[in-house]
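An overview of the molecular structure
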Protein chains: 2
Amino acid sequence: MKKMNKNNDLDSIINIIENNDRFLVTSHVNPDGDNIGSILALKIFLEQLGKKVEVVLDDEVPDCFSFLSYSQDIKEYNPELEIDFDVLFTLDSGDWERISDVADLVDKQVIVNIDHHADNTLYGDYNLVTDAAATAELIYQLIIELDKSKLNQDLATAIATALITDTGSFRYSNTRPETHQIMADLLDFDVDVNYITRQIFENNTYQSLMLKAKVLETLEVDETAKIAWVKIPEHFLEEVGATWEDAEGIVGYPRSLQGVEVAVLFKEYRPQEIKVSLRSNEYFAVDKVAHQFDGGGHAKAAGCLLECGLEEAEEKVIEAVKEEIRKY
Amino acid sequence: MKKMNKNNDLDSIINIIENNDRFLVTSHVNPDGDNIGSILALKIFLEQLGKKVEVVLDDEVPDCFSFLSYSQDIKEYNPELEIDFDVLFTLDSGDWERISDVADLVDKQVIVNIDHHADNTLYGDYNLVTDAAATAELIYQLIIELDKSKLNQDLATAIATALITDTGSFRYSNTRPETHQIMADLLDFDVDVNYITRQIFENNTYQSLMLKAKVLETLEVDETAKIAWVKIPEHFLEEVGATWEDAEGIVGYPRSLQGVEVAVLFKEYRPQEIKVSLRSNEYFAVDKVAHQFDGGGHAKAAGCLLECGLEEAEEKVIEAVKEEIRKY
């Protein structure tokens, strides 16, 4: 499926929308706020243009996005599904494999690939892949080009949800002037940002708060106060009835300590299987440490898996971080 | 000092800046990101116009804002201070008393009052008081009107810090389209939002994290799962070496629980003095409950003080919330 097609086909994509009536919209598995927001925005927009639109994902929509209008219309892929369509939109999906089994629904239809990932393989017949904080920025651009009058509260809320998720509420360095300009436009449509934010970032289960309490008590800091780490032994989860999902975001706590540069989280997935997450704040390249243990990632966020006990993993990784940080 | 002067004197204020050379800039006690950011932005701007500028506060600059350029030039008020100036700017200060003892430096100078608080008493000789997410928005407006070419990285960083603080990183409902438009402009000056955000929101002491762990373990939820509360007995602070400052933001945890509408935090300031903070997410007016205990606040954030034991305060306030929530 990999072809080296040309990019930035905005005009062609507008033509395709104008000259077709049946669309299938999809995106990647493990859905997040950007892909759910993007597919709903495109669906709402195309339907307002009088098009027939189906949305299929090879995954479930996470509960925290069920507040979005029409999210219940997103179908989960199953082999019995039969959908007539002329054009497939794949959103926020860097390569064809990311849409998973939804690919089975595709035969000879036109494929339009809209995405903001720099390493996108341009697998579409038409591609709109440019640097942006979120794929939803490109959907917004498309809507503005085609028919700005179709913007409404539901559409604006879907796009805002995508922007807020992918920029961590305008905190990450991917946030561009354009991101804020789009958000300024969207606020004209009564978008309830406070509500959206609560659904995405402040939506804890009782178990996750109890887990956080236990994990915080494991906090350790090295003698230079530049390295901080916490751990989650398997039995913590059992004790509070939590799942690994409830541990989401916990590495943010050691990372938030004053003066800390490197934060590490050790998760005991199984007795001899320790998943390690590494984060840095400014200058330290955590991927260098992850590589030492056959892991990967990038400078500010990396990870690796160690097949040993929790204490041993902790000792090895913290020692490697200490070794590395001396070089700075 | 209270006079009913006219408002929205932007043109007069521009005249005053153009026709004077020595300025004193001040703001309220208990400084926050908006007033520190605003006074630094105005100082930087006026100095670039060739003016002589002193900045005095009747308080210390919190450590988390020491990264801002020229923050070390902010003087703390003391009775020996002698400053020659023709014009006083009071920023972000709803009434004259908010600047505290800095008022002692003022004799017959012109007072310019710039603020975004709706209940500002218009105590200045000239006033620029309008609805905005932050006072820094009005400073930005003033700069744009006077000389946009003076915008630079330091100035943009000061204003961005103010906007980010007062909108909770664009999450609060005070965020307006204009707030995002200003932020879009500021990003052209290489503002490091990620860094600013970490200083403001992710800057925990070890003690505050330990305190959070302990407080989270006190989490309780009522039978309807709509009311959640935590408490801080005085001995928690001693046990982890924390101060009440380390308890900042803790009411956000019970408030973040899925489905919760009302969150309550009980702080045992002294054995028979319980400070209660009430927060709601959507529809519940917490000030109604606070009023029952001679407290105050507004619909989504209120507080009161009870002179009784911790358990008794807990019982009384939670009972009052339950009573009230039944009416919805």
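Because the structure is a prediction, the values reported are computed rather than measured. (Residues numbered from 1 in each chain as written. Chains lettered and ligands numbered in written order. Predicted model: local features only at pLDDT ≥ 70, side-chain atom pairs only at ≥ 80, totals over all residues. Heavy atoms only, no water.)

1. What to know about the relation of the copies chain A and chain B
Superposing chain A onto chain B takes a rotation of 180° combined with a translation of 0.0 Å along the rotation axis, leaving an RMSD of 0.2 Å. Within this description, the copies of the chain are treated as partners about a two-fold rotation axis. Residues of chain A ranked by C-alpha distance from the rotation axis are headed by A213(A), positioned 2.0 Å from it. Both copies present the same face, since 100% of the interface residues in chain A are matched by interface residues at the equivalent positions in chain B. (Least-squares fit on C-alpha atoms with pLDDT ≥ 70 in both. Contact = heavy atoms within 4.5 Å.)

2. Here's the deal with the sheet that holds strand β5 (residues 110–115) of chain A
Residues and elements named next belong to chain A. Reading across the sheet, the six strands line up as β3-β2-β1-β4-β5-β6 and stay open at both edges, with parallel pairing between neighbours. The outermost strands of the open sheet, each flanked by one partner alone, are β3 (75–76) and β6 (126–129). Sheet topology places strand β2 (residues 52–57) next to β3; two bridges connect them, and they run parallel. Residue pairing across strands places L57 opposite E76, the latter belonging to β3. Where helix α3 (residues 135–147) meets the sheet, its contacts fall on β4 (87–91), β5 and β6, and the angle it forms with β5 comes to roughly 115°. (Pairing = 2+ DSSP bridges. Helix = DSSP H or I, 4+ residues; strand = E, 2+ residues; numbered from the N terminus. Axes fitted to C-alpha atoms, helices over the stretch in contact; angles between N-to-C directions.)

3. Let's talk about the environment of K275(B)
All names here are of chain B. Secondary-structure assignment places K275 in strand β10 (residues 273–280). Looking at K275, the relative accessible area reads 27%, which means it is partly exposed. Residues K275 and G303, spaced 28 residues apart in sequence, show a C-alpha to C-alpha distance of 7.4 Å. Leave out the neighbours within four places in its chain, and K275 touches L265, F266, K267, Y269, C304 and L305. (Buried < 20%, exposed > 50% of the residue type's maximum accessible area, 1.4 Å probe, protein only.)

4. Some thoughts on the interface of chain A and chain B
Across the boundary between the two partners, chain A contributes 42 residues, which contact 42 residues of chain B. Considering only the side of chain A, the residues that lose the most area to chain B are R171(A), H180(A) and L209(A), jointly responsible for 18% of the buried surface there. A salt bridge links E202(A) to R255(B); its shortest N-O distance comes to 3.9 Å. Taken together, the links from chain A to chain B amount to 19 residue pairs in polar contact (both at pLDDT 80 or more). Of all elements in the fold, only α5 (177–186), α6 (193–201), α7 (206–216) and α9 (252–255) of chain A reach the threshold of two or more residues within the side of chain A that touches chain B. Per-class residue counts for the side of chain A that touches chain B are 18 nonpolar, 14 polar and ten charged. (Buried area = accessible area lost by both parts, 1.4 Å probe. Salt bridge = Lys/Arg side-chain N within 4 Å of Asp/Glu carboxyl O. Polar contact = N/O pair within 3.5 Å; in protein donor to acceptor, adjacent residues only side chain to side chain. Nonpolar A, V, L, I, M, F, W, Y, C, P; charged D, E, K, R; others polar.)

5. Some words on the pattern of salt bridges
All names here are of chain B. Inspection of every chain in the model, using the stated rule, returns 38 salt bridges over all chains. In this structure, K214 and E239 form a salt bridge, with 2.9 Å as the shortest nitrogen-oxygen distance. Within this pair, whereas K214 is found in helix α7 (residues 206–216), its partner E239 is found in helix α8 (residues 234–240), the two being separated by 25 residues in sequence. By relative accessible area, E239 is classed as partly exposed at 48%.

6. Here we look at the environment of E97(B)
Residues and elements named next belong to chain B. By the secondary structure assignment, E97 is in the loop between β4 (87–91) and β5 (110–115). Given a relative accessible area of 56%, E97 falls into the exposed group. E97 sits 84 residues away from I13 along the chain, and the two C-alpha atoms are 22 Å apart.

7. Details of the UniProt feature "domain: DDH" (unreviewed entry) in chain A
With numbering aligned to this structure, UniProt lists the feature "domain: DDH" (unreviewed entry) at residues 23–162 of chain A. Across residues 23–162 of chain A, helical content stands at 28% and strand content at 20%; the span's end C-alpha atoms are separated by 21 Å. (UniProt positions renumbered as here; feature names shortened; annotations may be inferred.)

8. Regarding the nonpolar core
By size, the foremost hydrophobic cluster in this structure holds 108 residues, and its most contacted members are F89(A), I159(A), L186(A), F89(B), I159(B) and L186(B). Every residue in contact with L186(B), bar those within four places of it in the chain, is listed here: Y140(B), A156(B), I159(B), A160(B), L163(B) and V191(B). Counting 43 residues, the second-largest nonpolar core is a separate cluster that includes A213(A), I250(A), I232(B) and V251(B). (Core = buried A, V, L, I, M, F, W, Y, C linked by side-chain atoms within 4.5 Å.)

9. Some remarks on the packing of aromatic side chains
Residues and elements named next belong to chain A. All chains considered together, the criterion is met by 13 aromatic pairs over all chains. Look at Y283 and Y328: their rings are 5.4 Å apart centre to centre, the planes differ by 50°, and that puts the pair in the tilted class. Separated by 45 residues along the polypeptide, Y283 in the loop between β10 (273–280) and α10 (286–292) and Y328 in the segment after α11 (310–325) bring together distant segments of the chain. On the accessibility criterion, Y283 (39% relative accessible area) is partly exposed. Across the ring face of F236, the terminal group of K214 is positioned such that the distance to the ring centre comes to 5.4 Å. (Phe/Tyr/Trp six-rings, centres within 6.5 Å; stacked < 30°, edge-to-face > 60°. Lys NZ or Arg CZ within 6 Å of the ring centre and 35° of its normal.)

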